[in-house]
Amino acid sequence: MDTEKVVPEVEELQKTIVRRVVKDKLQECSPDVDISVHKDALLAFSESARIFIHYLSATANDICKEAKRQTINAEDVLKALEEIDFPELIGPLRGSLNEYRQKNAGKRAGASKSKEEKKKQKVEGEPSKKTGGKTKKDNSDEDSEE
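Since this is a predicted model, take the numbers as computed values, not measurements.

**Student:** Teacher, can you tell me more about the overall build of the protein here?
**Tutor:** Helix and strand counts for the protein stand at five helices and zero strands. Reading the protein from its N end, one meets helices and strands in the order α-α-α-α-α. In the protein, 31% of the contacts between residues at least 6 apart in sequence involve partners at least 24 apart. Element-wise, carbon and sulfur atoms account for 54% of the exposed surface of the protein, whose accessible area totals about 12,400 Å².

**Student:** How do you make sense of the layout of surface pockets when you look at a structure like this?
**Tutor:** The gaps of empty space that remain are located by a probe, the size of a water molecule, rolled over the atoms. Put simply, the largest pocket is a space of about 720 Å³. Split by residue class, the lining of the largest pocket holds 16 nonpolar, four polar and one charged.

**Student:** Honestly, the packing of aromatic side chains in this entry has me stumped. Any pointers?
**Tutor:** Aromatic ring pairs are defined here through the distance separating the ring centres and the angle between the ring planes. In total, this model carries one aromatic pair according to the counting rule given. Their ring planes at 85 degrees and their centres at 5.2 Å tell us that F52 and F86 sit as a pair that is edge-to-face. Taken as a pair, F52 in helix α2 (residues 39-66) and F86 in the loop between α3 (74-83) and α4 (90-125) lie far apart in primary sequence, 34 residues in all. Look at F52 and you get partly exposed, because its relative accessible area is 27%. You can call F86 partly exposed: its relative accessible area is 29%.

**Student:** What am I meant to see in the packing of α2 against α3 here?
**Tutor:** A pair of packed helices is characterised by two quantities: the angle between their axes and the separation of those axes. It is the contact of α2 with α3, at a shortest axis distance of 8 Å, that shows an interaxial angle of 115 degrees. In terms of axis orientation, α2 runs roughly perpendicular to α3. α2 and α3 meet at a crossing whose hand is right-handed. Between α2 and α3, the contacting residues are F52, L56, T59, A60, I63 and C64 on the first element and D76, V77, K79, A80, L81 and E83 on the second.

**Student:** Can you help me understand the pattern of salt bridges in this one?
**Tutor:** Oppositely charged side chains can form a pair if their charged atoms are brought close together. Overall, the coordinates contain four salt bridges when judged by the stated rule. K25 is the salt-bridge partner of E28, the closest N and O atoms lying 3.0 Å from each other. With E28 and K25 both in helix α1 (residues 15-29) and three residues apart, this pair spans about one turn of that helix. By relative accessible area, which is 55% here, E28 ends up exposed. Here D76 ties to R69 by a salt bridge, and the two come within 2.7 Å at their closest N and O atoms.

Rules of the game
Residues numbered from 1 in each chain as written. Predicted model: local features only at pLDDT ≥ 70, side-chain atom pairs only at ≥ 80, totals over all residues. Heavy atoms only, no water. Helix = DSSP H or I, 4+ residues; strand = E, 2+ residues; numbered from the N terminus. Contact = heavy atoms within 4.5 Å. Areas by Shrake-Rupley, 256 points an atom, 1.4 Å probe, with all protein chains shown as cover. 1 Å grid on protein atoms, 1.4 Å probe; cavity = no way out; pocket = protein on both sides within 12 Å on 5 of 7 lines; lining within 4 Å. Points joined across faces, edges and corners; volume = space filled by probe spheres on them. Nonpolar A, V, L, I, M, F, W, Y, C, P; charged D, E, K, R; others polar. Phe/Tyr/Trp six-rings, centres within 6.5 Å; stacked < 30°, edge-to-face > 60°. Buried < 20%, exposed > 50% of the residue type's maximum accessible area, 1.4 Å probe, protein only. Axes fitted to C-alpha atoms, helices over the stretch in contact; angles between N-to-C directions. Parallel < 35°, antiparallel > 145°, perpendicular 65-115°, else oblique. Left-handed = near helix turned anticlockwise from the far one by under 90°. Salt bridge = Lys/Arg side-chain N within 4 Å of Asp/Glu carboxyl O.

Note that all results are geometric; they support no functional claim without further evidence.
If you want it as structure tokens, here you go:
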């Protein structure tokens, strides 16, 4: 008897990620005991997570549409968690979001500085029509020779 896959492969969560999350959480809950997880249990965790993600995203999408927007944002997800009766997840998720934003704020600031420097170098290094194809640097070199 052949068993058909109910869920397309594209929608499946990566087994290695599910296994790592489950094992890490079990290790956190029971650090003294090495608990093994059967293949069927990992599949059940994976399917449960997939269904939860679908349900949460559909609810967040509804919230987004009610606000007459087309892009789901983090606040929509937080409201959706409350709406589907998972308010206990809001605090930890908000903490993770703040940590992520702080971490990326530094990266963005560095990237902005880098872009500004490149833009400045490009502007300074481009030949100008007024100077007959010479750069600002070329003009300043000529000025110092006179």
